[in-house]
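# Geometric and topological summary
Listed below are the residues making up each chain.
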Amino acid sequence: MKLIGEAGVRRILLGTAFSAISALLLIALFILNEGVPFIFSYGINEFLLSSDWDPQANRFGIYPMIVASLWVTLGAMIVGAPLGVAGAVFLSEFVPRSVMRVVKPTIELLAAIPSVVYGFIGVMVLAPLIRTYLGGPGLSLLAACIILGIMILPTVISISIDSIQAVPQSYREGSLALGATVWQTIHMVTIRAAKSGIIASIILGMGRAIGETMAVIMVAGNAAKIPHSTLDSVRSLTANIALEMSYATGLHRQALFATGVILFVVIMILNSFAIMAIRKRVAKK
Amino acid sequence: MSSKSLVLFSLVLLAVFIAGCSRGKTSITLAGSTAFQPFAEKLADQYMKSHPEVSITVQGGGSAVGVQSAISGAAQIGMADLVQLPEEAKSLTAVVVARDGIAIVLNPANQISNLSTDQVKDIFNGKATNWSQLGGATAPVTVVSREAGSGTRSSFEQILGGITLTKDALIQDSNGTIRETVANDPNAVGYLSHGLLNAKIKAIKIDQVECTTETVIGGSYKLVRPIYLLVKGTPTGEVKNFIDYILTDEGQQTIRGSGLISVK
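Residues numbered from 1 in each chain as written. Chains lettered and ligands numbered in written order. Predicted model: local features only at pLDDT ≥ 70, side-chain atom pairs only at ≥ 80, totals over all residues. Heavy atoms only, no water.

A few words on the overall build of chain A. Assigned secondary structure in chain A consists of 12 helices and two strands. Referenced to the eigenvectors of the C-alpha coordinate spread, the extents of chain A come out at roughly 70 × 70 × 35 Å. Taking all 285 residues of chain A together, 45% fall into the buried category. Long-range pairs, those at least 24 residues apart, make up 71% of the contacts in chain A between residues at least 6 apart in sequence. For chain A, the exposed surface amounts to about 14,500 Å²; the carbon and sulfur share of it is 71%. Here chain A holds 20 positive side-chain charges and 12 negative ones, and the gap between their average locations is 11 Å. (Helix = DSSP H or I, 4+ residues; strand = E, 2+ residues; numbered from the N terminus. Buried < 20%, exposed > 50% of the residue type's maximum accessible area, 1.4 Å probe, protein only. Contact = heavy atoms within 4.5 Å. Areas by Shrake-Rupley, 256 points an atom, 1.4 Å probe, with all protein chains shown as cover. Lys, Arg positive; Asp, Glu negative; His and termini not counted. Charge placed at Lys NZ, Arg CZ, Asp CG, Glu CD.)

Next up on the list: the pairing of strand 1 (residues 26-32) of chain B. All names here are of chain B. Counting buried positions along strand 1 gives five out of seven residues, so the element sits mostly inside the fold. For the crossover that starts at strand 1, traverses helix 2 (residues 37-50) and ends in the parallel strand 2 (residues 54-61), the hand is right-handed. Summarising the sheet, strand 1 and strand 3 (residues 77-80) pair through three bridges and their orientation is parallel. Within the sheet, the bridge partner assigned to Ala 31 lies in strand 3 and is Gly 78. (Right-handed = clockwise from strand over helix to strand, strands pointing away. Pairing = 2+ DSSP bridges.)

Every contact between the two is made by 24 residues of chain A and, on the other side, 26 residues of chain B. For the pair chain A and chain B, the summed buried surface comes to about 1,900 Å²; carbon and sulfur atoms form 52% of the total. Across the contact surface, chain A and chain B share three salt bridges. A salt bridge links Lys 225 of chain A to Asp 168 of chain B, with the nearest nitrogen and oxygen atoms 2.5 Å apart. Of all the elements in the fold, those that place two or more residues in the side of chain A that touches chain B are helix 5 (115-134) and helix 11 (237-244) of chain A. Sorting elements by how many residues they give to the side of chain A that touches chain B places helix 5 of chain A first, with three residues. Along the lines of polarity and charge, the residues of the side of chain A that touches chain B split into 11 nonpolar, eight polar and five charged. (Buried area = accessible area lost by both parts, 1.4 Å probe. Salt bridge = Lys/Arg side-chain N within 4 Å of Asp/Glu carboxyl O. Nonpolar A, V, L, I, M, F, W, Y, C, P; charged D, E, K, R; others polar.)

This is how it looks when you write it as structure tokens:
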């Protein structure tokens, strides 16, 4: 250790800290460099607002994919957020700590299951159920929403639990002392106090849902059109890139990079919201 | 200290050993069509057994990659399963080494066993949306197709002609997932390589012609695409020997035995 010295270690750590940022910068530069020229040469309105995606005929409109990505994400929120937040409230307020010490890591283990496994379950179990009982091809927006809703649960639950537990015990005691019931205390005091953390957890879950690729490709059916019902097949932005990248050349390839640029922008916006929400929570303390 | 350096030393020794072994070997790289990839691997294994001085690497990537890498020289041999080779491939020497029928497949629960070419076009154009329009039960048609750029899809569309794929079509990104989707959905219709048919799906007759090795060789089954090996300039040396080997009876036997259709 003496060989390197204090200043040396400092420099090495500085280098490792910046390597992550430089990787991000390189990726951003690469995607922008490949995609942005195409967006401008093709026409930004035409690219974003046309619903005609036909690479063979050089028509690249990603409007259906943008709509699909937003619907899929919103749907995953509708499935995942209430379940996740309610689960977090139950686990942190009603269950003894010893039980939670077992349950929470188990839920976090859900995040370790590869997305292809979720997709496989979606294809083999969920899609046939939807097809049999609700109609349509089964591989649909609904299937994608349910699978993604389950996939974001660990993110939502574990961050929500952390922020609910960070609420000082004195808040709860004060509320109970004023004569509020347990439920009143939870939804009027605890959840209010933990609000920004819970919102951050939902936004982070959202980031995972919009960026998910493999599971969506497997269960959403990938038809490049605007869905008219939840039983219609959809293609998300991520699926569009992953499906066609292996065969794409020339203009088609650039169009896929441009799709990546749009996805990148959307995710950046979502993440900034999450960071803002978390900052607010820290500032409050 | 000593155990670490021992491991290091043996690793270096191993590296030298491997490098020494491969020295003097001619290496050939094939890249392209995923439909032909497993067959190329099998053929390469057989060839390397009888010719230990040659080392052959087979990579996938798709027909477009096959054409590109043959032009750029990234692979000595490109593989492409296209009906029409693109304009830029004109400079390459193309050898047809096999043929592949494209079968139209339905779920076994579907009663339909024959469709006319026009009916197939109507299905994939989105004009026929219910099986009752095609003489089947009253149930919606679920069209399953490949992604844009796929060699199987472009061959399929080029042979039939006049197809603008319906926007309602489900898109799957490989022959295998098409097979699974059709096997799981009683209303689905898709298409895939003849070599990948199995009992979970049902290949139907097109204009009363069944998709079999005989009908493809005889020319009565229409949905057939050639599989090309592409070489820059004229093939020479080991590259030529390997292509010649694929065209021998033994090579063609392997192609037949694995489900593709031989050229002879």
